[in-house]
Amino acid sequence: MNEEQRNMNEQAKPFKPLQPTKDYSAYFQAPSLKDAKKRGKEEVAYEQFSINAQFKGMGNGRKFMIQTFGCQMNVHDTEVMAGIFESLGYEATEDVNEANVILLNTCAIRENAENRVFGELGHLKPLKTKNPDLLLGVCGCMSQEEAVVNKILKTYDQVDIIFGTHNIHKLPEILNEAYMSKEMVIDVWSKEGDVIENMPKVRNGGTKAWVNIMYGCDKFCTYCIVPYTRGKERSRLPQDIIQEVRELAAQGYQEITLLGQNVNAYGKDLEGFEYGLGHLMDELRTINVPRIRFTTSHPRDFDDYLIDVLAKKGNLVEHIHLPVQSGSTSMLKIMARKYTRERYLELVAKIKKAIPDVALTTDIIVGFPNETEEQFEETLSLYREVGFEMAFTYIYSPREGTPAAKMSDNVPMDVKKERLQRLNAVVGEYSEKALKPYVGQVVEVLVDGESKRNKDVLAGYTRRNKLVNFRAPKEVIGKRVLVRVTDAKMYSLNGEFVEVVEKVEV
Ligand code: 5AD
Ligand code: SF4
């Protein structure tokens, strides 16, 4: 920050010190595999959320806006924060000009996700000058990174609040402190996180709902920032999850997605009883909700019991997202994925045997440090061998503090980009191949709403996660309908509306 900027900032907020007086270094832990091994031995507290009476009405006459970046976990965290805001009396707005609080719920998974947030902070800065009472906050995964917090402290002093992913439940206290204090309020726990129940939520749409079953990740894949930003693996208690799903079913939700960074590790940390994702799915199977999904899986923890339960189908859909990351055993080892190409293929074979019509999708990273052409080709050959129906593909992005970020890298960016293109060509080819056989068939579609491209067309997904576009009256939005597929594109299907599905097959 130069002298001129400092003066400008001081005009906007005359009493705010340029640097906070507290020492925030204690809030952060340097990423460490040694500490990771100690994880799980620490106590996780299970607490009930409540709002202190002194904060009730804090938001009366005020409006909030949350901009969400990144994955479904963040989208759901935003629903929780919106719930807390509304409990405090705030009203939601989509207009930055009338918001009294703006939060950026951020993603740290790749560098470009972070750059978008810094760009947005720049765009929002003039609002602070226009409206000095506006509170601007940064939350989500980026707030858990020491380097990001330091960068904000140095360069983005339009920010009033920074809080981490583990302490969303402290939002009322954090807001109160921000109103009372002229300093930037930073609330990032060094603790690895607890489980807070009974948080209010504002769910959008009334059709699809997301339910956390666990938080955090202990896998420590060498490229990944998530175990540091989301804390240690901790499962919600089965009865709390089942209760939430029952309530959503009673409210008429049509699809529930169970969320966790590694849902297959669900229950491992619950002491005193043997209970995993398979047991949970077997109980949820009996609840009167048409579709239940889960994301994201880790191949290492995907057990036989879960496969047996998924094979019972009913409301458990025939789609599994099973990130593989690479098809090369030597690369998987450097990534610390804890399985080989062969083990992954064995798992796929078991799943396909139990659920022959399963749709498998995956995540792949290309251009990991020193990835050879042969290793990359093993990824292409694995893709073909499994016959994935879709994939999210990424160029490796170094994340500060992760083991991979310290590796020297001999793969030039243009080679990485070229590999991504070659991989995406295979992804397109296999998607098209998976979609072609649907032509002429009648599929069940849960209708999300109007298609993004054409307001006269409706769009939704099948149980196997295929996007279907069709024309029908708008009243069918939020319902399950039958659609006769007329034609298949590379990534979606077109069809004709047949009828609404009335019954739930559980
Ligand atoms: N660079 C690129 N992609 C990454 N992912 C996670 N970390 C990185 C990184 N550093 C990808 C993985 C993961 C998905 C959510 O994001 O494929 O499954
Ligand atoms: Fe990241 Fe997923 Fe690996 Fe966990 S399992 S470290 S979230 S890639």
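Every residue gets a number counted from 1 within its own chain, in the order that chain's sequence is written. Just so you know, chain letters begin at A and ligand numbers begin at 1, following the order they were written in. The model is predicted, so local features are restricted to residues of pLDDT at least 70 and side-chain atom pairs to those at 80 or more, both for listing and for counting; the totals for chains, interfaces and linings are taken over all residues.

**Looking at the site of ligand 1**
Any residue qualifies as near a molecule or strand once its backbone-derived C-beta atom lies within 6 Å of it. Near ligand 1 the following residues occur: I109, R110, Y223, C224, P323, Q325, D363, I365, Y394, Y396, S397 and R399. Here the shell around ligand 1 is composed, by residue class, of 7 nonpolar, 2 polar and 3 charged. In this classification, Asp, Glu, Lys and Arg are treated as charged, Ala, Val, Leu, Ile, Met, Phe, Trp, Tyr, Cys and Pro as nonpolar, and every other residue, Gly included, as polar.

**Thoughts on the site of ligand 2**
Surveying the vicinity of ligand 2 reveals the residues C217, K219, F220, C221, C224, V226, P227, Q261, N262 and H298. Here the residues of the shell around ligand 2 sort into 6 nonpolar, 3 polar and 1 charged.

**Notes on the pairing of strand β4 (residues 101-106)**
Residue burial is a threshold on neighbouring C-beta atoms within 10 Å of the residue's own C-beta, all placed from the backbone, with 20 or more meaning buried, 12 or fewer meaning exposed, and counts in between meaning partly exposed. Per the convention used, a helix needs a DSSP run of H or I reaching at least four residues, while a strand needs a run of E reaching at least two, with both numbered from the N terminus. Across the 6 residues that make up β4, a large majority, 6, are buried. Both faces of β4 are covered, namely the face carrying V101, L103 and N105 and the face carrying I102, L104 and T106. Strands qualify as paired when DSSP identifies two bridges or more between them. As paired strands, strand β2 (residues 63-68) and β4 are joined by 5 bridges and run parallel to one another. Residue pairing in the sheet places T68 in a bridge with N105 of β4. Note that β4 and strand β5 (residues 135-140) share 6 bridges and pair parallel. In the sheet register, V101 faces β5, and the bridge partner there is L135. Here the term right-handed applies to a crossover when the path leading from its first strand over the helix to its second strand runs clockwise, the strands being oriented away from the viewer. What joins β4 to β5 is helix α4 (residues 111-130), and the crossover it makes is right-handed.

**Considering the sheet that holds strand β15 (residues 359-366)**
Read from one edge to the other, the open sheet built from 3 strands follows the order β14-β15-β16, with strand pairing classed as parallel. The sheet is open, and its two borders are formed by β14 (319-321) and β16 (390-395), each paired with just one other strand. Pairwise comparison of adjacent strand axes, ignoring direction, gives a mean angle of 10° for this sheet. The pairing of β15 with β16 spans 6 bridges and is classified as parallel. When the sheet's bridge partners are listed, V366 is paired in β16 with I395. To get an axis, fit a line to the C-alpha atoms, keeping to the stretch in contact for a helix; angles then go from 0 to 180 degrees between the N-to-C directions.

**Quick notes on the domain arrangement of the protein**
Structurally, the protein comprises domain 1 (3-19 + 46-187), domain 2 (318-436) and domain 3 (439-500). Just the C-alpha atoms count here: the centres of domain 1 and domain 3 sit 38 Å apart. For each domain, the first and last residues come from an automatic or database assignment.

**What about the UniProt feature "domain: Radical SAM core" (unreviewed entry) in the protein?**
UniProt positions are given in the numbering used here, feature names are shortened, and annotations may be inferred rather than shown by experiment. The residues that UniProt annotates with the feature "domain: Radical SAM core" (unreviewed entry) are residues 203-433. Taken end to end, residues 203-433 has its terminal C-alpha atoms 35 Å apart, with 38% of it in helix and 16% in strand.

**Concerning the environment of V468**
Counting through the fold element by element, V468 comes out in strand β19 (residues 467-471). Placed 17 residues apart in sequence, V468 and S451 show a C-alpha to C-alpha distance of 9.4 Å. Remark: residues whose backbone-derived C-beta atoms lie within 7 Å of one another are considered to be in contact. Non-local contacts of V468, meaning those with residues more than four positions away in its chain, are made with V443, V445, A459, G460, T462, V483, S492, L493 and G495.

**Looking at the nonpolar core**
Among the nonpolar cores identified, the biggest contains 108 residues, and M81, I162, V211, I213 and I256 are the most heavily contacted of them. Formed jointly, this core draws a minimum of three residues from each of two domains, domain 1 (3-19 + 46-187) and domain 2 (318-436). Contact partners of I162, with chain neighbours within four places excluded, come to V138, S143, V149, I152, M184, I186 and V188. For our purposes the nonpolar core covers buried Ala, Val, Leu, Ile, Met, Phe, Trp, Tyr and Cys residues that link as a set through C-beta atoms within 7 Å.

**Quick word on the sheet that holds β4**
An order of β3-β2-β4-β5-β6-β7 is seen for the 6 strands of this open sheet, with the pairing classed as parallel. Two strands lie at the open edges of the sheet, namely β3 (91-92) and β7 (185-187), each paired on one side alone. Taken strand by strand, helix α6 (residues 171-180) contacts β4, β5, β6 (161-163) and β7, and its axis lies near 160° from that of β7.

**Considerations on the UniProt feature "binding site: [4Fe-4S] cluster 1" (unreviewed entry) in the protein**
Per the UniProt record, "binding site: [4Fe-4S] cluster 1" (unreviewed entry) is found at C71, C107 and C141. For the annotated residues, spread through 71 residues, the largest C-alpha to C-alpha distance comes to 10.5 Å, consistent with a single compact locus. By the secondary structure assignment, C71 is in the loop between β2 and α3 (72-87). Under the C-beta neighbour-count criterion, C71 is labelled partly exposed, with 19 such atoms within 10 Å. Looking at the element boundaries, C141 is found in the loop between β5 and α5 (146-155). Once residues lying within four places of it in the same chain are set aside, the contact partners of C141 are G70, T106, C107, A108, T165, T229 and R230.

**Here's the deal with helix α14 (residues 413-435)**
Here α14 spans 33 Å end to end across 23 residues, near enough to the 33 Å set by a 1.5 Å rise per residue. The inward-facing, buried residues of α14 contact β15, α13 (373-386), β16, β20 (480-488) and β21 (493-500). What a helix should span is 1.5 Å times the count of its residues minus one.

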